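# Structure at a glance
Spelled out, the chains give:
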Amino acid sequence: MTQPQQITVLGATGSVGLSTLDVIARHPSRYKVFALTGFTRLDELLALCVRHAPQFAVVPTTAGARQLQDDLHAAGLDTRVLVGEGGLCEVSAHPLVDTVLAAIVGAAGLRPTLAAVEAGKKVLLANKEALVMSGALFMQAVRRSGTVLLPLDSEHNAIFQCLPGNYADGLGAIGVRRILLTASGGPFRETPLPQLEHVSPEQACAHPNWSMGRKISVDSASMMNKGLELIEACWLFDTTPAHIEVVIHPQSVIHSMVDYLDGSVLAQLGNPDMRTPIAHALAWPERIESGVAPLDLFSIARLDFQAPDESRFPCLRLARQAAQAGGSAPAVLNAVNEIAVTAFLDRRIRFPEIAGMIDEVLNLEPVVAVSELEAVFEVDAKARALARQWLSRNAR
Ligand code: NAD
Ligand code: MG
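Residues numbered from 1 in each chain as written. Chains lettered and ligands numbered in written order. Predicted model: local features only at pLDDT ≥ 70, side-chain atom pairs only at ≥ 80, totals over all residues. Heavy atoms only, no water.

Turning our eyes to something else, we now look at the overall build of the protein chain. Helix and strand counts for the protein chain stand at 16 helices and 11 strands. Here the C-alpha radius of gyration of the protein chain, 20 Å, is about what a compact globule of 396 residues would show, namely 21 Å. Per-residue burial over the protein chain gives 56% buried out of 396 residues. Considering only residue pairs separated by 6 or more positions, the protein chain has 70% of its internal contacts joining residues 24 or more positions apart. (Helix = DSSP H or I, 4+ residues; strand = E, 2+ residues; numbered from the N terminus. Rg over C-alpha atoms; globule rule 2.2 N^0.38 Å. Buried < 20%, exposed > 50% of the residue type's maximum accessible area, 1.4 Å probe, protein only. Contact = heavy atoms within 4.5 Å.)

Orientation of helix α13 (residues 314-325) relative to helix α15 (residues 351-364), taken along the N-to-C sense of each, is 25°, at an axis distance of 9 Å. Relative to α15, the element α13 is oriented roughly parallel. α15 is crossed by α13, and the crossing has left-handed handedness. On α15, the residues that touch Pro314, Cys315, Arg317 and Leu318 of α13 are Ile354, Ala355, Ile358, Asp359 and Leu362. (Axes fitted to C-alpha atoms, helices over the stretch in contact; angles between N-to-C directions. Parallel < 35°, antiparallel > 145°, perpendicular 65-115°, else oblique. Left-handed = near helix turned anticlockwise from the far one by under 90°.)

In this section: the sheet that holds strand β10 (residues 254-260). Sheet architecture is open: four strands sit in the order β9-β8-β10-β11, paired in mixed fashion. Strands at the two margins of the open sheet, each flanked by one partner only, are β9 (244-248) and β11 (265-269). The average angle at which neighbouring strand axes cross in this sheet is 20°, direction not considered. Judged from the four bridges that link them, β10 and β11 form a sheet pairing that is antiparallel. Counted as the bridge partner of Ile254 is Leu269 from β11. Most of the contacts of helix α7 (residues 154-162) go to β10, to which it runs at about 40°, and overall it touches β8 (176-183), β10 and β11. Contacts from helix α10 (residues 224-236) reach β8 and β9 within the one sheet, and its direction differs from that of β8 by about 150°. (Pairing = 2+ DSSP bridges.)

Moving on: the coordination of the magnesium ion (ligand 2). Protein coordination at the magnesium ion (ligand 2): the donors are Asp153 (OD), Glu155 (OE) and Glu229 (OE), at 2.0 to 2.2 Å from the metal. Between the donor residues of the magnesium ion (ligand 2), the gaps in sequence give the motif D-x1-E-x73-E. On the criterion of sequence distance, the pair formed by Glu155 in helix α7 and Glu229 in helix α10 is long-range, its members being 74 residues apart. The buried category is assigned to Glu229, whose relative accessible area is 0%. (Donors = N, O, S within 2.8 Å, 3.2 Å for Na, K, Ca; no water.)

Moving on to helix α16 (residues 373-394). When the terminal C-alpha atoms of α16 are compared, their 31 Å separation across 22 residues agrees well with the 32 Å that a helix rising 1.5 Å per residue should span. When α16 is considered as a whole, its buried residues turn out to be Ala375, Val376, Phe377, Val379, Asp380, Ala383, Arg384, Leu386, Ala387, Trp390 and Leu391. Those residues of α16 that are buried are in contact with α5 (110-118), α6 (128-145), α14 (329-345) and α15. (Expected span 1.5 Å × (residues − 1).)

Locating Asp380 in the fold gives a position in helix α16. Judged by relative accessible area, Asp380 falls into the buried class, the value being 8%. If we skip the residues at most four places from it in the chain, Asp380 touches Ala107, Met133 and Ala335.

Okay, unusual backbone geometry next. Cis geometry is found at the peptide bond from Trp284 to Pro285, where omega equals 10°. Structurally, Pro285 is set in the loop between α11 (275-283) and α12 (297-300). Here the phi dihedral of Ser256 falls at roughly 150°; this positive angle occurs in a residue that is not glycine. Among the secondary structure elements, Ser256 is positioned in strand β10. Unlike most non-glycine residues, Arg347 shows phi in positive territory, near 60°.

Another point: the nonpolar core. Counting residues in each nonpolar core, the largest one holds 133 residues, and the members touching the most others are Phe138, Leu163, Phe237, Leu333 and Ile349. Considering every element that reaches this core, the biggest residue donor is α14, with 12 residues. Setting aside residues no more than four positions away along its own chain, Leu163 makes contact with Leu171, Ile174, Val176, Phe237, Val258 and Tyr260. (Core = buried A, V, L, I, M, F, W, Y, C linked by side-chain atoms within 4.5 Å.)

Okay, the packing of aromatic side chains next. Enumeration according to the criterion identifies six aromatic pairs in this entry. On the numbers, 5.9 Å between centres and 85° between planes, the contact of Phe160 with Tyr167 is edge-to-face. We classify Phe160 as buried; its relative accessible area is 10%. For Tyr167, a relative accessible area of 17% translates into the label buried. The interplanar angle of 80° and the centroid separation of 5.1 Å between the aromatic rings of Phe188 and Phe351 together place this pair among those described as edge-to-face. Taken together, the residues span a long stretch of sequence, with Phe188 in the loop between β8 and α8 (201-205) and Phe351 in helix α15 at a distance of 163 residues. Exposure remark for Phe188: the relative accessible area of 4% places this residue in the buried category. One aromatic cluster is present, formed by Phe160, Tyr167, Phe237 and Trp284 through successive ring pairs. (Phe/Tyr/Trp six-rings, centres within 6.5 Å; stacked < 30°, edge-to-face > 60°.)

Structure follows, in structure tokens:
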């Protein structure tokens, strides 16, 4: 019998991380957890370690590591606890690892995900911000190492499933007219515009179809998530924003589509549950059980589609502009968005100010070419500093 694949789960305590561990636990002969990482909720990380007995765990601080190491020891486990970004990169690139699941939220995931790419691991990418920040460099690293990069984001996973195996030849060459990137429209799809001034973090995080982390939930409410996904799709499928149309589809049953020259449109459907794309990417090119219930088309009954309204969702326009501008612009967009979302969750700014702040900082920052990773981090740091200055002038 073949050995189980050794898996590192970056961001194991998050929504995608937990869904991944649920799928992995259904297939103990196929998959073995090699490392789990957490940033907060270290008691949950301990419980996950007890359940999956990884060889390594990674936490952000030395004090946290000491505590977790003692607790693991008391539980009779010999899991070794590593610290910080160095620890994350170590468990991503470790020679015994086969697959790295990149599910840290935000820019913090970039270095460990790239470490996995550079070490030639199979990388299952949920951490879209990493690709948005550094797309050109990230994809260069993928080509250089020849690694397998599979999208976990449900839309990109759907697009991948609707494309033939030779899609890297170029979407034009294989007869693709455009990608139809679906979006639920989030919780504020029909909220009267003046009320958006007063929506709370709790309302923004109450997504109608998906249960997710708080940052991506706010991004879904502002549709910045779709903007980041537009940029993500450009890199993953080597295409341009002009070839991607965003389609609001409130039921979240179709996870995206590919429109071919002959008029055929291929779609991937399923219940809105991340375990489907996770199971798909883990087992690809095979198929495994994910724990997701079969799709009941009779209870869904209808599928609706609408064009997005960019006056309601200015973040979508800003992301499209940043994608078209290229260079440093997507990294600035991402950095300011991360600061803005945190400020909104902390009730320091109102919901519409997320877009306002991103717009202003993007206008302040000239677009520059970024040809190395350190330049990306410099752009990221400068944009965050400008965003914090904006907050000190405007926030509550
Ligand atoms: P989450 O907030 O639930 O979990 C984030 C994980 O990252 C946690 O394990 C947390 O401990 C860790 N983390 C946070 N900050 C960190 C830091 N500075 N250093 C190291 N680790 C850190 O988020 P999520 O919803 O699971 O999303 C994770 C990623 O997957 C995001 O990039 C998101 O856009 C993407 N994604 C999520 C979903 C979903 O359904 N939740 C779907 C598609 C894509
Ligand atoms: Mg998505």
